[in-house]
Structures are given as C-alpha cells and as structure tokens.
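# Close look at the chain arrangement
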2 protein chains.
Amino acid sequence: MRDVAVIGVGMQKWGELWTKSIRDIFVESALLAMDDAGVDHLDSMYVGSMSPGIFSSQEHLESVLADYLGQHHIPGTRVESACASGGLAFRLGWMEVASGLSDIVLAGGVEKMTDISGSEATYALATAADMKWEGLSGVTFPGLYAMMAVAHMERYGTKREHLAQVAVKNHANGSKNPRAQFPFPVTVEQVINSVKVADPLNILDCSPITDGGAAAILVPADKVKDYGKPGVRIIGSGHATDSIALHGRDDLTTIAAAAKAAERAYAMAGKKPEDIDFAEVHDCFTIAEIVISEALGFFEPGQGGPAVESGATAPDGKIPINVSGGLKSKGHPVGATGIAQIVEVVEQLRGAAGERQLKQARVGLTQNMGGSGGSCLVHIMEVM
Amino acid sequence: MRDVAVIGVGMQKWGELWTKSIRDIFVESALLAMDDAGVDHLDSMYVGSMSPGIFSSQEHLESVLADYLGQHHIPGTRVESACASGGLAFRLGWMEVASGLSDIVLAGGVEKMTDISGSEATYALATAADMKWEGLSGVTFPGLYAMMAVAHMERYGTKREHLAQVAVKNHANGSKNPRAQFPFPVTVEQVINSVKVADPLNILDCSPITDGGAAAILVPADKVKDYGKPGVRIIGSGHATDSIALHGRDDLTTIAAAAKAAERAYAMAGKKPEDIDFAEVHDCFTIAEIVISEALGFFEPGQGGPAVESGATAPDGKIPINVSGGLKSKGHPVGATGIAQIVEVVEQLRGAAGERQLKQARVGLTQNMGGSGGSCLVHIMEVM
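All figures in this text were calculated on a predicted structure; none of them were measured in a lab. (Residues numbered from 1 in each chain as written. Chains lettered and ligands numbered in written order. Predicted model: local features only at pLDDT ≥ 70, side-chain atom pairs only at ≥ 80, totals over all residues. Heavy atoms only, no water.)

## Some points on the environment of Val 191 of chain B
Tracing the backbone shows Val 191 of chain B in helix 8 (residues 188-193). Beyond its immediate sequence surroundings of up to four residues, Val 191 of chain B is in contact with Arg 160, Ala 164, Ala 167, Val 168, Val 186, Asn 202, Leu 204 and Asp 205 of chain B. (Helix = DSSP H or I, 4+ residues; strand = E, 2+ residues; numbered from the N terminus. Contact = heavy atoms within 4.5 Å.)

See the structure below:
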C-alpha cells in the first residue's frame, strides 16, 4: 500500500446556515479544500453524511454533490457510520489512494440539521442508537451518555465538576476558532446551572445541532512535491465497531470500539499514546471526552476526570485535547465532524492554526465516534 | 493491487418478509454467504443500504449488523448510492482486498421496504432523485423513467411492445429462480393491459417493493485454493456518477453513467462488449433494460428494443440479460439488488445455477444503477 498525505483542507464557519442548502454547504467546503490543495479536478470523492434522507429529504447524496461540485462522472461514494461518517469517509479516501486506484481523492462530510424541528432532529439522531432496543423505548443520546457518566462516577469517583471542566476547556479553545459555532467561554458554574437534559448532563454538557461541511484532499505522499503545498502524512488508520446497544457491552465506563480502533491505528503508525502531541476527540457530551481520553491510552482508567482538572488536556498541558473547541464549541454537523477533526490536525501540523497554534505539533490524532460508541475511527498524522 | 475473487454468495427467497427485521434479513444472507465460502470470521464488512433511516428507523446499520452477525469489533462500513448501494459495497470490498488491507471481506446489501406504507416507500425512493428540482415538484421514479421511455420511442421508434417484452422475458427467467419474489410468467397482453403508472409504463413495467438481503465473500485470488471453494475472479470494476436530475443531462435516450462505468470496467478487464457471455442489468423499469443494453455496448443506440423482440437477450440469445429474472421478477430491495446480481453471476460462472444455467458462462457482467442513472457500478467477473 502507498503512503498517503493530505494536501488541502477546508471548512466554513459552522452554525445555523439558513441561507445555504446541504449541497451549497458541501460544495463550499469542498472548494475551500480544493483551493487549499491547488487542484481543479478529482479522481474520486467520498462524502460522509449520517442522515440526509431524514434531515434534508435527500439520499443519493454523492451523485448530487459530485454534480454540483462540477466533477462530472467521477466515482462518488456516500458513507454512513452515524456521527463517525466523516472519519469513515477519510479512511476510505485513504484506502483508495493507498491502493493505487486513484491519485486525487476528496474525503468530505456534511450535514444540514436545522431544516427540521428539534424533536425531529432528536429522532433522526436516535436512529444512530439501537432503535429496536433503545430508541423505541424512548432512550435518546443524552440518556445513553448519562448512563455512562453515572457508571464512570460510581466506579471512579469522577466528579460533576470534571464534566463541566471539559466544556469550559473546549469553549475556551473554541473562542479562538473563527469557524466555531459557539466561540465564547463558559464557566463551571454556568455548565452546572444550565438546563438539565439527562442527569448528570446539562445542556452545556451537550454538543449542539449544527449545519456544516468539511473536506480534505488526499494524494500519494510521494507526489506531494508536485503540488507545492505542505503535506501531512497519514501514518495510522484504525476502525472498529461494537455492540450498538449499551446493554450488549461488557463495561459502561469505557468505549471498547475506541480502544480497539486506537490499538489498530497505533500499530499501523508504530506509535504509542505518549508519542501523540495532541488529539481531536469526539466530545459529543462532556463525559465522552473523559472516557475517550482513557480509551486512547492518554490516561489510566478513571484518571480522565482528574486529568481535565489538572490542565493536562489544556493547550499547554501534557496532551492538548480539542484545541479546535471540539464538537462542544465548534459544533457537530454529524457527517462533517470527523473531517473537521482532520482539518484542525492538518492546520496544527502545518503550523497554520493561528491563535490556537500549539508549540509542539508534530504528531496528531483524531478520534471520531458513531452513536454511543457502536463505531469508531482513529487516524494518526505526522508532519512530512 | 491484488487480484480479488469471490468464494461465497448467499441470499434468501425475497418478498414481503413480515416475520423478519432488517437485521434478521441481513444476517440470514450473510451467514448463507459465509457458509458457502466456508469462513467463520471476517476482517471487515461493507453493507449497501439505501435508506434504512426512512424504511426501518435505523441508521448506523453496519454497527447493528456486525454486532448481530457475531463479528465483534470488525471494521464495518455502510455505503449508500440509492439503488446502486449494493454494487458500491461490492466495489469497496474489492478495493479493500485489492489494497492488501484485508483478506476476508463481506460485501452485502439489505433493505426492508414493506414496514412502511406504499406512499411512504414512494417518498423514500424519491429521495434518490434530485429532491430539490424533481421530487419536491412531484416527480417520482416511474415518471422519470417514463420520460426516458418517451424520448427513446420518439427518437428510435422503440415500441410499447418492446418494453413489455422485457417484462415477459424477465418473468420467464425468474419463474426458474426459487428465490424470486414473483416467479411466474406474464404475457405481453398482461403487461400492456396492467394498471397505468406513468405513460407509457404500466405496473408490470415496474420492479416491485421488496424485502431482501444478499452477500458475497471476497478474498485475494491467490488464496482461493486455501478455502477449497470454486472462486470467481473480479476482473473489472467501473464506477461513475452523472447529473442526478434529468434536466442536467445531454441526452435522455441513454444513461451516461452506465456507459462511463462500463468503459472503465471494460478497460480494467481488457474486455469488449462482445467478450461478455451474459449480464445482469438494472431493469428497475422495462425501459431501463433497453437503454442499458445499449449503454453497455451490446447493441447500437436504438437497437435495444428490437434486440429484445428478436430474442437476442433471452437465455439462448447472443447476450442473455437478466437470466435471474432481474429486478422485475426477482424483486428490488434497493440496497441488496447490486449484490444479488453478483450472486447470479457467481452461480452461473460456477455452473451451479440449476434450471437457469447458461451453456456459455465464462465471463459475466453486472450493472447496478442509482436513481435515474445518477450513479452506476459495473463489474466484470470471470471463471478462474
């Protein structure tokens, strides 16, 4: 398999993009990535989108989007793995270039979530859980993650404040990200006093409903020089599934699909957790970031909460997590989220992250998750 | 890239499978394929499904299905390209094995379409057209294909009877297929006198609403001997998109995505149309088979209708088409259709197609199409 690099990334400011359709949003982010890479055509494209059929009354999205992007007749593939759809699109783009089949592949993601009501959106998102055994019993995602939070607090003594500190850190980071949906700081008190959603999670523990797109351009690593753009090498890709329903899992205090995907990505990259300089992880709820920071091996089980409190995951900490603002502040248009993580890692590795730029950014990791951890994608990238 | 072979296929009898859920249907077909291949585990799996979110209130399908198939923690990928979702799953499974990343990959497809009403199903299917410019104006698929039929009849003199003869041939073929949803013959008179759907198409010109699954097991060609099963080599894979809306196309009498995908598959395989012994093509409507038989190069433009009339596409003709019964008689559970085409070609190439077995079956082709031709997959397979 060939080595693969990213030579361009793009995303717009996320939020409630009332004046833009799903096709507008995707094309905008794709053109930003193509401009960044300096390419005017694609050999193939992948688009991650969770539920355009429910959110936007449009399936067959890759056909619409290749058409509107002006890439006539290229192979186009929509992939879906709930909120990990973007990470999955990236993996398949990597695989296509690595296989030798194509030389210029776009991996993108998009979701337009605000054209339906909040309760309809909650229903749409619930289809990422096990609808037969969870969703149709009335359990939606805040409830599922609340159960994990309670289990983690019971077993390890994780405190309510630890959860809030994740939101505080990510909003502080996001306030430096001009593309974030909610680029403002919040305090522990604000989080703890915000509206209850599913005990112990309040509204400020939850990532928002968002419209947005993101895209990356992948080429063979040995051709990066032809484009005259700074390339970032993909050195590890890990992908795993798990029982989609929580009742099918051995342990509610961890997310096995994340640990398994990370193990595979670390093995491919020849890296260990301590080799990673920074990570973008799937903080759909504050508890998720704590659990994931343990599953990725950055902290021992149970130490994720104290780690946030100590500042270990802050931009100047041992392992900065979600310096982009994460899903919490940047927004969570589910299909695009995994690619936006790639955007942040590429910009950090290029030294082009502006006010958010980390001092030490040579190896970055992304972790993108579907549902309550029924699927997970981990990618590791390195400066070339 | 490595050569790839299919060593196992499976599908159940299709129809209205009231007692089975979407997960039951997929697992049943996947286990049939795994048994046929003699494998008890997978490295990875792809599942094509068009709209499980609308049809079955369940997205994140690969997580559910890997779980229920007992394949704990494997990478699982759902792909969607409307009615070409199965063909797309097959292409990605081929790519993953060809790349060297995995050695045992399942490519499957599934749709359960009968748990919602007929009008809801018509809506769900319409999301495969351009909803903004077609669906929301009230145009659904019978109308789109009817426009193509009128254009073809106007330009080439294709007759109403030619359309009916496609249905007659495919039902005659399907009556020998124990897994077909409608395994009975129909006459030209019955087709022409059946209920009008969208002039000139009647109900017997249309493929049905179906529940069903299908699966194939892919391995590197040089490892086929390890399994002791007859392998079938994948020698060509072509994939193309087109303008999803009919108004964006140059010519309504052909389907450019099919011609483009075929051109790519022929080039990879080093074959020409005249080298193909038989084909399974996407006869979602009778006119589609006529147009596609021309786009694949089996007949000159305008000669697809007379070819059916002459018997050239019958099992004993020059190029047998849809000896399985096609979508028309076998059924069309949209995500599974592309894989069921693979099932038929593999069984024919193995000489194991029973009553339907063709005398000359050394090179077979499948053509699977999304929407009104917004996407297309073509695969060519050969006896090893």
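Back to the write-up after that little detour.
## A word on the packing of helix 1 (residues 22-37) of chain B against helix 3 (residues 61-68) of chain B
Residues and elements named next belong to chain B. As a packed pair, helix 1 and helix 3 sit with axes 10 Å apart at the nearest point and diverge in direction by 60°. Taken together, the axes of helix 1 and helix 3 are oblique relative to one another. You can see that helix 1 and helix 3 cross each other, and the crossing is right-handed. Of the residues in helix 3, those in contact with Ile 22, Arg 23, Phe 26 and Val 27 of helix 1 are Leu 61, Val 64, Leu 65 and Tyr 68. Class assignment for the residues of the contact of helix 1 with helix 3 results in seven nonpolar, no polar and one charged. (Axes fitted to C-alpha atoms, helices over the stretch in contact; angles between N-to-C directions. Parallel < 35°, antiparallel > 145°, perpendicular 65-115°, else oblique. Left-handed = near helix turned anticlockwise from the far one by under 90°. Nonpolar A, V, L, I, M, F, W, Y, C, P; charged D, E, K, R; others polar.)

## Digging into unusual backbone geometry
Cis geometry is adopted by the peptide bond preceding Pro 200 of chain A, which originates at Asp 199 of chain A and carries an omega value of 10°. Position of Pro 200 of chain A among the secondary structure elements: in the loop between strand 5 (196-198) and strand 6 (201-202). A positive phi angle is found at His 60 of chain B, which is not glycine, with a value near 60°. Overall, the relative accessible area of 0% leaves His 60 of chain B in the buried class. (Buried < 20%, exposed > 50% of the residue type's maximum accessible area, 1.4 Å probe, protein only.)

## Concerning the domain arrangement of chain A
Residue and element names in this part refer to chain A. Taken domain by domain, chain A consists of domain 1 (4-117 + 210-232) and domain 2 (137-208 + 235-383). Inter-centroid distance (C-alpha atoms) of domain 1 to domain 2 is 23 Å. At the junction of the two partners, domain 1 supplies 42 residues and domain 2 supplies 37 residues. Summed over both sides, the interface between domain 1 and domain 2 buries roughly 2900 Å², with carbon and sulfur atoms accounting for 69% of that surface. It is Trp 14, Cys 83 and Val 232 that lose the most area in domain 1 upon contact with domain 2, and together they represent 24% of the buried surface on that side. (Domains from an automatic or database assignment. Buried area = accessible area lost by both parts, 1.4 Å probe.)

## Overview of the relation of the copies chain A and chain B
Its rotation angle being 180°, the transformation that places chain A on chain B also includes 0.0 Å of axial translation and leaves an RMSD of 0.0 Å. Taken together, the rotation and translation relating the two chain copies correspond to the operation of a two-fold axis. Most of the interface of chain A is mirrored in chain B, where 98% of its interface residues are also at the interface. (Least-squares fit on C-alpha atoms with pLDDT ≥ 70 in both.)

## With respect to the interface of chain A and chain B
Across the boundary between the two partners, chain A contributes 62 residues, which contact 61 residues of chain B. Looking only at chain A, the three residues that lose the most surface to chain B are His 60, His 73 and Thr 241 of chain A, adding up to 15% of its buried area. Our count for the contact surface shared by chain A and chain B stands at four salt bridges. Notably, a salt bridge pairs Arg 23 of chain B with Asp 130 of chain A, separated by 2.8 Å at the nearest N-O pair. Seen at the junction of chain A and chain B, the total is 42 residue pairs in polar contact (both at pLDDT 80 or more). Counting residues per element, the ones that place at least two in the side of chain A that touches chain B are helix 2 (52-56), helix 3 (61-68), strand 3 (76-80), helix 4 (85-99), strand 8 (232-241) and helix 10 (256-269) of chain A. Its residues placed into classes, the side of chain A that touches chain B shows 27 nonpolar, 22 polar and 13 charged. Both strand 3 of chain A and strand 3 (residues 76-80) of chain B contribute to a ladder of three bridges, which runs antiparallel. Paired with Glu 80 of chain A across the bridge in strand 3 of chain B is Arg 78 of chain B. (Salt bridge = Lys/Arg side-chain N within 4 Å of Asp/Glu carboxyl O. Polar contact = N/O pair within 3.5 Å; in protein donor to acceptor, adjacent residues only side chain to side chain. Pairing = 2+ DSSP bridges.)

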